[in-house]
Amino acid sequence: MTPPSPLAGNEPLAYLTAATTGIRHHTRTTTSPPNGRPATRAQVDALHAHLTALHTLLGRLAEHTRGERPAQSSYFAAARTRLWQAGEHLHDAFHQAPRAPAPDSDAPQDDTCEQDIDPSGPPFLTICLRHLRTSTVVRQETTPADLHSPLHGHARHRAI
C-alpha cells in the first residue's frame with residue numbers, strides 16, 4: 001500500500017509543486033553541458049506563459065488578502081509588478097531569438113509583434129497576444145511609477 005502524498009487534499013499546491021519541478025528539470029536538461037545552447041523562441045514563449053500565470057496568481061492573492069492582511073497583500077502586489085517587468089524582458093528576448101525561416105520564402109523577415117499577431121499570416125507563437133492582454137490589465141491596475149521604479153535593496157511595506 002502506498003502512503004498518501006503529503007500534498008493529498010491540497011491540489012493547488014500540488015500543481016505549483018509540479019510546475020516548479022518541471023522548470024527545475026528543464027533547467028538541468030537544457031542549460032547543462034553538453035546540452036547548453038541559446039534559448040529557442042518556443043522556450044521563451046513557454047517561460048513567458050509561466051510568468052504570466054504567476055502574475056495572475058499573485059494578483060488574485062493580493063486581492064484576496066488585502067482586507068485581512070494588507071501588508072502581505074502589498075508584498076504580493078510588489079512581487080506581481082516585478083513579474084510583469086520580467087515578462088517585459090522575456091517578450092523582448094523572444095523577438096531577439098532567431099525565427100525559423102519560412103519554408104517558401106528566401107526573403108528576410110522583420111520581427112515585430114504585429115507580424116506575430118496577424119491572423120492571416122503563418123501560425124506564430126502566442127507570446128505577443130498574451131503580452132498585449134497582460135499589458136492592458138497591468139496598465140489599468142498599476143501606476144507608471146510602480147512599473148518603472150527600480151528595486152533598491154528591500155522594499156518596505158506598511159500595513160494600511
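Residues numbered from 1 in each chain as written. Predicted model: local features only at pLDDT ≥ 70, side-chain atom pairs only at ≥ 80, totals over all residues. Heavy atoms only, no water.

## Quick word on the side chain of Thr134
Formally: For helices the rule is a DSSP run of H or I covering at least 4 residues; for strands it is a run of E covering at least 2, with both sets numbered from the N terminus onward. In this description, contact between two residues means that some pair of their heavy atoms is separated by no more than 4.5 Å.
Relative to the assigned elements, Thr134 resides in helix α5 (residues 127–141). Here Thr134 is in contact with Thr52, His55 and Trp84, once residues within four sequence places are set aside.

## Description of the side chain of Ser135
Going by this rule: For the purposes of these results, a polar contact is taken to be a pair of N or O atoms within 3.5 Å, where, inside protein, one atom must be able to donate a hydrogen and its partner to accept one; residues adjacent in sequence count only when each atom of the pair is a side-chain atom.
Assignment of secondary structure puts Ser135 in helix α5. Separated by 2.7 Å, the side chain of Ser135 and the backbone oxygen of His131 make a polar contact.

## Remarks on a nonpolar patch on the surface
This is how it is decided: Surface patches are drawn from residues lacking salt bridges whose relative accessible area is over 30%; two like charges belong together within 9 Å, two nonpolar side chains (Val, Leu, Ile, Met, Phe, Trp, Tyr) within 5 Å. Here the Shrake-Rupley method, with its probe set to 1.4 Å, supplies the accessible areas, and only the displayed protein chains count as covering residues. We define a salt bridge as a contact between a side-chain nitrogen of Lys or Arg and a carboxyl oxygen of Asp or Glu at a distance within 4 Å.
On the surface, Leu13, Leu16, Leu57 and Leu61 cluster together into a nonpolar patch covering about 290 Å² of accessible area. Listed by contribution, the elements that provide at least two residues to the nonpolar patch are α1 (11–31) and α2 (41–65). Among the secondary structure elements, Leu16 is positioned in helix α1.

## Quick word on the nonpolar core
As a reminder of what qualifies: In plain words, nonpolar cores are sets of buried Ala, Val, Leu, Ile, Met, Phe, Trp, Tyr and Cys residues tied together by side-chain atoms within 4.5 Å. In this scheme, a residue with accessible area under 20% of its type's maximum is buried, one over 50% is exposed, and one in between is partly exposed, where area comes from a 1.4 Å probe on protein chains only.
Ranked by size, the top nonpolar core spans ten residues in total: Val44, Leu51, Leu58, Ala62, Phe76, Leu83, Leu90, Phe94, Ile127 and Cys128. Contributing elements (two or more residues each) for this core: α2, α3 (70–96) and α5. Leaving out residues up to four positions away in the same chain, Phe76 has contacts with Leu58, Leu61, Ala62 and Thr65.

## Remarks on empty space enclosed by the protein
Quick reminder of the rule: Here a cavity denotes a set of grid points, spaced 1 Å apart and computed over the protein atoms alone, in which a 1.4 Å probe fits but from which it cannot get out, and a pocket denotes an open set meeting protein on both sides within 12 Å along at least five of seven lines; residues with an atom within 4 Å of a point are reported as lining. Grid points are joined across faces, edges and corners, and a volume is the space filled by probe spheres set on the points. Residue polarity is assigned by list, with Asp, Glu, Lys and Arg as charged and Ala, Val, Leu, Ile, Met, Phe, Trp, Tyr, Cys and Pro as nonpolar; anything else, Gly included, falls into the polar class.
One pass over the full model with this rule turns up one cavity of 30 Å³ or more. The space that makes up the largest cavity amounts to roughly 50 Å³. His48, Leu51, Thr52, His55, Leu83, Trp84, Gly87 and Thr134 together form the lining of the largest cavity. Going through the elements one at a time, α2 and α3 are the ones with two or more residues in the lining of the largest cavity. Per-class residue counts for the lining of the largest cavity are three nonpolar, five polar and no charged.

## So, the pattern of salt bridges
Summed over the entire model, instances satisfying the criterion amount to three salt bridges. The partner of Arg130 in a salt bridge is Asp45, and the shortest N-O contact between them spans 3.1 Å. Here Asp45 lies in helix α2 and Arg130 lies in helix α5, a separation of 85 residues in the sequence. Judged by its relative accessible area of 10%, Asp45 falls in the buried class. One salt bridge in this structure joins Arg69 and Glu68, with 3.9 Å as the shortest N-O distance. Exposure remark for Arg69: the relative accessible area of 43% places this residue in the partly exposed category. Take Glu68: its relative accessible area is 66%, and that puts it in the exposed class.

## Thoughts on the packing of aromatic side chains
The criterion, for reference: Here the aromatic set is Phe, Tyr and Trp, taking the six-membered ring for Trp, and pairing holds for ring centres within 6.5 Å; pairs whose planes are under 30 degrees apart are stacked, those over 60 apart are edge-to-face, and all others are tilted. Two thresholds decide whether a charge sits over a ring: the Lys NZ or Arg CZ must be within 6 Å of the ring centre and within 35 degrees of the ring normal.
According to the stated counting rule, one finds zero aromatic pairs in the structure shown. When the ring centre of Phe94 is taken as reference, the NZ or CZ atom of Arg41 above it lies at 4.0 Å.

## Looking at the confidence of the model for the chain
So the rule is basically this: Note: pLDDT gives the predictor's confidence per residue, expressed from 0 to 100.
Chain-level statistics for the chain give a pLDDT mean of 77 and a share of 69% at 70 or above. Low confidence marks residues 118–123, where pLDDT is under 50. Its contacts with residues over four positions away, or in another chain, come to zero contacts.

## Topic: the packing of α2 against α5
Put simply, the rule is: As a rule, the C-alpha atoms of each element are fitted with a line to give its axis, helices using only the stretch in contact, and angles between N-to-C directions run from 0 to 180 degrees. Should an angle fall under 35 degrees it is called roughly parallel, over 145 degrees roughly antiparallel, and 65 to 115 degrees roughly perpendicular, with every other angle called oblique. In this scheme, a crossing is called left-handed if the near helix is turned counterclockwise away from the far one by less than a right angle; it is called right-handed if the turn is clockwise.
Viewed as axis vectors pointing N to C, α2 and α5 meet at an angle of 25°, and their least axial separation amounts to 10 Å. Classified by the angle their axes make, α2 and α5 are roughly parallel. Handedness of the crossing formed by α2 with α5: left-handed. Residues Val44, Asp45, His48, Ala49, Thr52 and His55 of α2 form the contact with α5, whose own contacting residues are Ile127, Arg130, His131, Thr134 and Val138. Residues belonging to the contact of α2 with α5 are distributed by class as follows: four nonpolar, five polar and two charged.

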